[in-house]
Each structure stands twice: as structure tokens, then as C-alpha cells.
Amino acid sequence: MVEAVLIDLFSLPANLQNNIQGLLCNMLESIEKCSSIPAPFVYVVCCQRQGSERNGEQESLLPALRDFQCLKKRLEVICALTTAAALYTVKQRLDEKDLSIIKVILPTLRKGLMKVYIDHLFTAVYQFEFEDLQVASDCENLWIAEPQSEEQTLSTEDVALVRSEIQTYLESLPSLKGELTILRSSLIPDDIFLHGFTTRTGGISYIPTLSSCNLFSSSKRRDPQVVVKENLRRLANAAGFNPETFHRVKIDHANAVCIMGKTEPDSYDGIVTNHKGVTIAAPGADCIPVLFADPVRKACGAAHSGWKGTLLGVSMATVNAMVSEYGCNVKDILVVLGPSVGPCCYKLPHESAKKFHRIDPKCVRLFDSASPYIDIRRATRILLESGGILPENIQDDSVTDQNQNVTFCTACHPDKFYSHFRDGTNFGTQIGFISIKN
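Since this is a predicted model, take the numbers as computed values, not measurements.

For the rest of this paragraph, the subject is empty space enclosed by the protein. Counting across every chain of the model gives two cavities of 30 Å³ or more. Put simply, the largest cavity is a space of about 40 Å³. Considering the residues around the largest cavity, the lining is formed by Ser 305, Thr 310, Gly 313, Val 314, Ser 315, Met 316, Thr 380, Leu 383 and Leu 384. Among the residues forming the lining of the largest cavity, the class breakdown is four nonpolar, five polar and no charged.

Following this line, the structure appears as C-alpha cells:
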């Protein structure tokens, strides 16, 4: 069932824009009478004329709403200078109400362009269907018609203009929840490496569990890739790296490692490089973002280590890749464990807990319970030390620094970090990143 209707009057000719009250009345009558559109919310988007005040535009449309008592509490007119701005505002309204099924009523020739905007600003969480809006040749009447196939074919240049418009709009948005903050380790020498762990502040993501510097997009979440890209641009600007040479792992919760410059696997949880100016990263929203640095051979790595990857030895797999590919000595490699869920909060079923108990009984608390508490950081440290990493070359602040420099518990600090364990399926993601300075 359709949950919202979006009426696109944005591109109507000027003479229709001047008579938009009449157009709106006709459209609302159609929605009230059309049994195929039982939508609880209606959003009308139109072009804000240059030099006019947005509130003035909306006030001028209010008389058109008076005859529609059943709709007026569910109807909003959104005037904006660009389609990107209008649609982003609509998206915010949909997200506030957790709506996902939208009918778009628009001129036939506008459909191809609208689909490009939707592809960029929305994810697979949303479902769109389209209905054609026919404008009579005398420009005084309009009606809803059956969908037509005469959809405008867009050129590569047209698509590029849409992308540019969206990017420009997103860049203009204010940062949310304070300034962008980067946590850094004193263990990694900053004269050789640029590195850090992000927090959740300083981005533009507005959905509560994603707000505000979410750095991962998926088909199951409401943050589109363009928003994540803008958050990354802001991070890159603050940290001092090039977002165009940024590479993050393709998570599989396993132990495959990508060697930069060689054939990229379909999925991998570790990544290494010795190329200067290339920034590599691993995400984490409870799983550990682990950074590796060899100041002698000037090589670095990043790994995503959740409970499965920890058991599969993804951190040592990343170390071994640095040793085999770049001739690193394992005793020179520095390892920093980033923000991740701590043993204070993280539970696993008893069968999974047994595997951590075999690594070290101290990795499990309340072992006899149905869901024991698990210390994936301790397990990671033990496996790294068993592989030859010196204990003093591993930074895990839950052990080495009670003031918590970088290894916070993500679940315990909702103001600083995202947490899948705490926030559920629509969770945000922070990252650990590292590069070799030029």
C-alpha cells in the first residue's frame, strides 16, 4: 500500500507556476477521488522563484488547501530552488515518519530525470511507483493518466549535472552534532603515517541512529551513498587525505586480505599497501577497526575484525600479508585496536563463546550462562602476540590506558560512536583509516 504521494510540479511552465493554486486544487481532488492512492501523506514540490521567500511561496498556496480538510494535516508544500533540495526535504519527512512506499505523480518527460535523482538520494529501502501527470495544451488543466512509455532519455551530461547539483546541495548543509572529531594513537608515528578513528559527529546524516558522520551505505539502510560520500569528503578535508584515493575493505566477516595494486578480491576484511598517498580503511560499529603500521618498511594495513573475523585470524592474516608482500619484520609492526564493543556489553550464544574460551578463558565472562560476555579485543591481542607481534606494539586502551585514548566501548558511548549491538539494524558506521605520507 502506498504510504505517501509526491506531486512533482517543479518543472511546470511559468504560466502554470503562476496559477499553481488551481493546479493544486485539481490534483488534490484527483487524489481524494482516486481509490488507487490511499496515501496518508502528500508532498507537493514546486520551484521557488529566485528572489522570493520560501515562506511567502507556501503562504500563497494555503488558500488551495482549505477545501481539503481530510488532507490538510497530511499535506505539505515544499518550495526549493533545486530539485535536489526539494527531494532531500521530502526524504527527511519520509524518514521522520518511517515511510518507504511512495507514488510519484509527475509529467511524463520528467520521469527519466526524477529516476536519476531518486537513484542517488534514496536506497533500496524505498519503493517508488510512477504515475503520469498530463498537462492540457491550453495550460489550464491537468489530470492523472495511465503510465506512458515516452520517458525522456538522459544524456551522460544530464546525469552529470544531476550529480553535481546534488553534491553542491549536500556540501551546503551544516554539520550536525558538533565538529568532526578524529581520534589518533600516539603509537603510530605521525611523521610517517596519517591515521585516525572517526566518531559520529560532524557529518550530515540526520536519521537518529545514523547521525551524523555515518561512513557506510547499504541497501538495508536509509543513508544513500551520496550522503556517505559527503561525510567522507568532510572527513578527508579535516584529516588531510585525498578521498579519490580512498579504499575501504569489502566486508565478508572472514580473513581474506586485499593487496593494493593486485587483483581485488570480491570481498575481504583486511587491506595492505606500501603506496604513498593511498588511504585504506576498515569500518566498525562494534567490530574492531584495526590499524597496522611498519615505520621501518613504510607499509600499513587495516582490518575489520568482528567476532567471526577474530576467530578466523583476520588481524594476523593482515600482518602476514605485510610480511610476505613488503618484507616487513613482524617485530616492527605496530597495531592499534580502535573503538569497538567491550566485554562489558557484548554477548554471544554459548556455542560461539566456547571458541573464545579455547583461546583464553579470560576472553569469556559468565561462561556457564546461555549468552556469555565476550572480549574480542583480548582474543585479538592474544592471537597477535602468538603470531609474533610484541605486546608493547599493541595499543588496546582497555588494557594499557584507563583514560581511553582510542579503544572506547562503542555500545557504552552513544554520544561518540555507532553501535549495531545497541542501535539495531539501521545503525551507522565509523572507520579506522591510515595512509603513508608523501
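Attention now moves to the packing of helix 4 (residues 83-96) against helix 6 (residues 156-172). For the pair helix 4 and helix 6, interaxial distance at closest approach is 8 Å and the crossing angle is 60°. Helix 4 and helix 6 meet at a crossing whose hand is right-handed. Seen from helix 4, the contacting residues are Thr 83, Ala 84, Ala 85, Tyr 88 and Thr 89; seen from helix 6, they are Glu 165, Ile 166, Tyr 169 and Leu 170. Considered class by class, the residues forming the contact of helix 4 with helix 6 number six nonpolar, two polar and one charged.

Applying the stated rule across the entire model yields eight aromatic pairs. Seen from their ring centres, Tyr 88 and Tyr 169 are 5.7 Å apart, and the 70° between their planes marks the pair as edge-to-face. One end of the pair, Tyr 88, is in helix 4; the other, Tyr 169, is in helix 6, and 81 residues separate them in sequence. Among the residues examined, Tyr 88 registers a relative accessible area of 3% and is labelled buried. Put simply, the rings of Tyr 88, Tyr 169 and Tyr 206 pair up and form one aromatic cluster. Cation over ring: Lys 97 sits above Phe 41, and NZ or CZ is 5.0 Å from the ring centre. Directly above the aromatic system of Phe 130 lies the positively charged group of Lys 115, at a separation of 5.2 Å from the ring centroid.

Take the nonpolar core next. By size, the foremost hydrophobic cluster in this structure holds 39 residues, and its most contacted members are Leu 6, Tyr 88, Leu 94, Val 104, Ile 166 and Leu 170. Where this core is concerned, the elements lending two or more residues are strand 1 (4-8), strand 2 (41-47), strand 3 (75-80), helix 4, strand 4 (101-107), helix 5 (111-121), helix 6 and helix 7 (225-239). In terms of residues, this core owes the most to one element, helix 4, which gives seven residues. Residues lining this core come from more than one domain, with at least three contributed by each of domain 1 (4-137 + 151-172) and domain 2 (182-436). Sequence-distant contacts of Leu 6, defined by excluding residues within four places in its chain, comprise Tyr 43, Val 45, Leu 87, Val 90, Ile 102, Lys 103, Val 104 and Ile 105. Core analysis: the second largest hydrophobic core is formed by 35 residues, Phe 292, Cys 328, Leu 384 and Ile 389 among them.

The next point concerns the sheet that holds strand 10 (residues 257-259). To summarise the sheet geometry, strands pair through backbone hydrogen bonds and adopt either a parallel or an antiparallel arrangement. Spatial strand order, 10-11-14-13-15-18: six strands in an open sheet with mixed pairing. With partners counted over all chains shown, the strands left at the sheet margins are strand 10 and strand 18 (394-395), one partner each. The pairing of strand 10 with strand 11 (residues 270-273) spans three bridges and is classified as parallel. By the bridge assignment, Cys 258 is partnered in strand 11 with Ile 271.

What follows concerns the layout of surface pockets. Put simply, the largest pocket is a space of about 540 Å³. The residue makeup of the lining of the largest pocket, split by class, is eleven nonpolar, eight polar and four charged. In terms of lining residues, the second largest pocket is bounded by 17 residues, among which Gln 167, Val 226, Lys 229, Glu 230 and Glu 244 are the most central. Counting residues per element, the ones that place at least two in the lining of the second largest pocket are helix 6, helix 7 and strand 9 (246-248). Of all the elements, helix 7 adds the most residues to the lining of the second largest pocket, at six residues. Broken down by class, the residue content of the lining of the second largest pocket amounts to six nonpolar, five polar and six charged.

Conventions used here
- Residues numbered from 1 in each chain as written.
- Predicted model: local features only at pLDDT ≥ 70, side-chain atom pairs only at ≥ 80, totals over all residues.
- Heavy atoms only, no water.
- 1 Å grid on protein atoms, 1.4 Å probe; cavity = no way out; pocket = protein on both sides within 12 Å on 5 of 7 lines; lining within 4 Å.
- Points joined across faces, edges and corners; volume = space filled by probe spheres on them.
- Nonpolar A, V, L, I, M, F, W, Y, C, P; charged D, E, K, R; others polar.
- Axes fitted to C-alpha atoms, helices over the stretch in contact; angles between N-to-C directions.
- Helix = DSSP H or I, 4+ residues; strand = E, 2+ residues; numbered from the N terminus.
- Left-handed = near helix turned anticlockwise from the far one by under 90°.
- Contact = heavy atoms within 4.5 Å.
- Phe/Tyr/Trp six-rings, centres within 6.5 Å; stacked < 30°, edge-to-face > 60°.
- Buried < 20%, exposed > 50% of the residue type's maximum accessible area, 1.4 Å probe, protein only.
- Lys NZ or Arg CZ within 6 Å of the ring centre and 35° of its normal.
- Core = buried A, V, L, I, M, F, W, Y, C linked by side-chain atoms within 4.5 Å.
- Domains from an automatic or database assignment.
- Pairing = 2+ DSSP bridges.

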